[in-house]
Amino acid sequence: MEGAPTGIRNADDLKAFASAVNAGKSLAKYTIDGEVCLMNDIDMAGYRFTPIGKDWSHHFDGTFDGNNHTIQGLNVSTGGAGYAALFGHAGEASVIKNLNAENPVIRASNYYAAAIVGWSDGIVDKCHVSGADVENSGRATAGLAGVVKTITNCSVTNSNIIGLTGNVAGLASEVDELIQNCNATETNVIVYSSGELNYPAGGLTALLYYAKAENCFFSGIVDCQSLNAKAVYAGGITGNCYQGIITKCFSVGTILGCNDINTVVGGIVGFLTGEL
């Protein structure tokens, strides 16, 4: 018989919670009043962390409340498995909120790499990342979220994001519904693309896909030059606004294009088929 729920109190609890999600086991130990709760700041230095929801078949579908605590030194390296983040895959009913990450190191060589969540069909709210070091030789790479449906009141600061196969951004690689009251500041987005397709890159998002960006801003660098990228849509808020809406957003970042006829660069958006 399980005892009273304790929430997540330390690094061992966080690892055990990830294992429970990935094994489809009960989360009752970590759940207080219907929400999985982080009870303390946690230092993850010295650990190699397996994501919560490690792939498409395993996902977290509840509410995770960080209670404004900080996870320090998260280290995730998934190689070709992708889904490299604290939460690899979060489902449609998921809410990830009130969580901070400091100095995370994220590595992957396949789809989805970011500090907080690789793929989310739910909501990400009031999450903040600082000092992130993210590098992915696959697609969908960003400071906070890879692909996300709704993200609000979130930020990334003082971070370095390197994406070697396109869809690279400071905060979220792809947004599919709403990004609101978010920012990426003092953040470098370094992009490589071979030129086979026009991949997007942006200071805030790479791809705004049938989605709305509102009250957002970027300061930093989107760099398509250092790695000699080709055929990139690059912008301060988003690289590609595909049937989306951008309103009340601004960028004071630097967008470095490349010597390639197929590259399109803009201060706010690189390629626009929506509304600005």
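Here we summarise the structure given alongside this text. All figures in this text were calculated on a predicted structure; none of them were measured in a lab.

The next point concerns unusual backbone geometry. Phi angles above zero are rare outside glycine, and Tyr-112 is one such case at about 80°. With respect to the helices, strands and loops of the structure, Tyr-112 is situated in the loop between β8 (105-108) and β9 (117-130). With relative accessibility at 12%, the residue Tyr-112 sits in the buried group. Positive phi is not limited to glycine here, since Ala-231 has a value of about 55°. Overall, the relative accessible area of 2% leaves Ala-231 in the buried class.

This part takes up a nonpolar patch on the surface. On the surface, Tyr-209, Tyr-210 and Tyr-242 cluster together into a nonpolar patch covering about 310 Å² of accessible area. For Tyr-209, the location among the structural elements is in strand β19 (residues 205-209).

The residue Lys-149 is located in strand β12 (residues 145-152) in this model. For the pair formed by Lys-149 and Pro-5, sequence separation is 144 residues and the distance between their alpha carbons is 30 Å. If sequence neighbours within four positions are ignored, Lys-149 has contacts with Ser-120, Asp-121, Gly-122, Val-175, Asp-176, Glu-177 and Leu-178.

Under the counting rule described, the total for this entry stands at seven salt bridges. Its salt-bridge partner being Asp-13, residue Arg-9 comes within 2.9 Å of it at the nearest N-O pair. Across the salt bridge formed by Asp-133 and Arg-107, the nearest N and O atoms sit 3.1 Å from each other. A residue pair is termed long-range when its members are at least 10 positions apart, and Asp-133 in strand β10 (residues 133-136) and Arg-107 in strand β8 qualify at 26 residues. Among the residues examined, Asp-133 registers a relative accessible area of 30% and is labelled partly exposed.

Time to look at helix α1 (residues 11-23). The end-to-end C-alpha distance of α1, which contains 13 residues, comes to 18 Å, matching closely the 18 Å that a straight helix rising 1.5 Å per residue would cover. Where α1 is concerned, the buried positions are Ala-11, Asp-13, Leu-14, Phe-17, Ala-18, Ala-20, Val-21 and Asn-22. Turning to α1, the residues buried within the fold contact β2 (35-37), β3 (42-43), β4 (63-72) and β6 (87-90). Structurally, the start of α1 carries an N-cap: the backbone nitrogen of Asp-12 is 3.2 Å from a side-chain oxygen of Asn-10. Positioned one or two residues after α1, Gly-24 has a phi angle of 70°, which is positive.

Note that Ala-172 resides in strand β16 (residues 172-180). For Ala-172, a relative accessible area of 0% translates into the label buried. Through-space distance from the C-alpha of Ala-172 to that of Ile-151 is 8.6 Å; in sequence the pair is 21 residues apart. Every residue in contact with Ala-172, bar those within four places of it in the chain, is listed here: Ala-142, Ala-145, Gly-146, Val-148, Leu-204, Thr-205 and Ala-206.

A one-sided burial pattern is seen for β8, the buried positions being Ile-106 and Ala-108 and the unburied ones Val-105 and Arg-107. Sheet topology note: the strand β5 (residues 75-77)/β8 ladder contains three bridges and is parallel. When the bridges of β8 are listed, Val-76 appears paired with Ile-106. Pairing geometry for β8 and β10, over four bridges, is parallel. Counterpart to Ala-108 in the pairing with β10 is Asn-136.

Each value, and the rule that gives it
Residues numbered from 1 in each chain as written. Predicted model: local features only at pLDDT ≥ 70, side-chain atom pairs only at ≥ 80, totals over all residues. Heavy atoms only, no water. Helix = DSSP H or I, 4+ residues; strand = E, 2+ residues; numbered from the N terminus. Buried < 20%, exposed > 50% of the residue type's maximum accessible area, 1.4 Å probe, protein only. Patch = residues over 30% accessible without salt bridge, like charges linked within 9 Å, V, L, I, M, F, W, Y side chains within 5 Å. Areas by Shrake-Rupley, 256 points an atom, 1.4 Å probe, with all protein chains shown as cover. Salt bridge = Lys/Arg side-chain N within 4 Å of Asp/Glu carboxyl O. Contact = heavy atoms within 4.5 Å. Expected span 1.5 Å × (residues − 1). Polar contact = N/O pair within 3.5 Å; in protein donor to acceptor, adjacent residues only side chain to side chain. Pairing = 2+ DSSP bridges.

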